[in-house]
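# What the coordinates show
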Amino acid sequence: MYNMNGVINVYKEAGFTSHDVVAKLRGIVKQKKIGHTGTLDPDAEGVLPVCLGNATKLCGLLTEKEKTYRAVLLLGQTTDTQDTSGRVLTEAPVTATGEQVREAIMSFLGDYDQVPPMYSALKVNGKKLYELAREGKEVERQARRVRILDMEIHEIRLPEVTFTVTCSSGTYIRTLCQDIGEKLGCGGCMKSLLRTKVDRFELADSHKLSELEAMMHEGRIEEVLLPVDDVFAACPAVRIRQESDRLIQNGNPFGKEDIAETTGERPPEGTELERNCVRVYNSEGNFRGLYRREQGGRCYKPEKMFLS
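So, here's what we can say about the structure. (Residues numbered from 1 in each chain as written. Predicted model: local features only at pLDDT ≥ 70, side-chain atom pairs only at ≥ 80, totals over all residues. Heavy atoms only, no water.)

## Here's the deal with the pattern of salt bridges
- Per the stated rule, a full pass over the model turns up twelve salt bridges.
- The partner of glutamate 160 in a salt bridge is lysine 191, and the shortest N-O contact between them spans 2.5 Å. A residue pair is termed long-range when its members are at least 10 positions apart, and glutamate 160 in strand 11 (residues 160-167) and lysine 191 in strand 12 (residues 188-198) qualify at 31 residues.
- One salt bridge in this structure joins lysine 197 and glutamate 202, with 3.9 Å as the shortest N-O distance.
- A residue is classified by how much of its surface remains accessible, and lysine 197, at 33% relative accessible area, is partly exposed.
- Through salt bridges with shared partners, a single network forms among Glu218, Arg220 and Glu223. (Salt bridge = Lys/Arg side-chain N within 4 Å of Asp/Glu carboxyl O. Helix = DSSP H or I, 4+ residues; strand = E, 2+ residues; numbered from the N terminus. Buried < 20%, exposed > 50% of the residue type's maximum accessible area, 1.4 Å probe, protein only.)

## Notes on the nonpolar core
- In terms of nonpolar packing, the biggest core is built from 26 residues, with Leu73, Ile105, Phe163, Val165, Ile173 and Leu176 touching the most fellow members.
- Of all the secondary structure elements, the ones that give two or more residues to this core are strand 4 (67-75), helix 3 (98-106), strand 10 (144-157), strand 11, helix 5 (173-184) and strand 12.
- By size, the runner-up hydrophobic cluster in this structure holds 21 residues, among which are Val228, Val231, Cys277 and Phe306. (Core = buried A, V, L, I, M, F, W, Y, C linked by side-chain atoms within 4.5 Å.)

## Digging into the environment of threonine 196
- If you trace the backbone, threonine 196 turns up in strand 12.
- Put simply, threonine 196 and methionine 151 are 45 residues apart on the chain and 13 Å apart in space, counted from C-alpha to C-alpha.
- Those residues in contact with threonine 196 that sit more than four places away from it in its chain are Val47, Thr68, Tyr69, Arg70, Phe201, Glu202 and Leu203. (Contact = heavy atoms within 4.5 Å.)

This is how it looks when you write it as structure tokens:
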């Protein structure tokens, strides 16, 4: 039984659920402790970072990261699942011009209130929405504020539009497609979806399960295993004095006097975590966790520990 700690950038293929990917990878690497970083629809493809070993503590952090997708919007049709795999509810002619379509899409840039789809893994009263939807039930859902950070339209060939969108966590691209169609008055749904980026994990560096299985057989799987501390590469690194190793080994706070060396600069334009946290290593250079800098750097308190 292996015990690897780190993140593998998996290319999720169509037909697999995110849960399927975790189950199959668990069998490939012969390791139980594995978790994914946010669901991707079964018909969708693309980047799905999967965490192994103590890196499973990263799952929540990576789930909240920005994501980038390449989508194909089909105008003139709505379905019960908000994509072309569902039952058609309405059909209408697309009378909008290409410029009107462009304006409607770009109008969603910024913050907007999005109602989650019934076919989603969100829970209402302890039951997943898609389970209720399969029973023919529809329940009221509260709109959630999401943020569309960037959009680029690649091709308008009506009734289809291909575009790329970078968005906040919790944004449903299926729902965005439906909302664009509703704004144009003809309806719309998602024809295809490819996730191209999750935080630092990009499509070009992702690997299909078949590739990972071959690499495992060849003893090369660790070549694609990103160490946990690399996820926090933007945070400065702190190495602790030998006599203070016991503090971080037990996940205790430490002071400025316990630091032997600090490398890396605090990024002024980084995230709140990157601006206020440091990667902490023991005197032998082994990564132990992420600590939050307090009292102007005189005290450091554990934010998230990654002790093996």
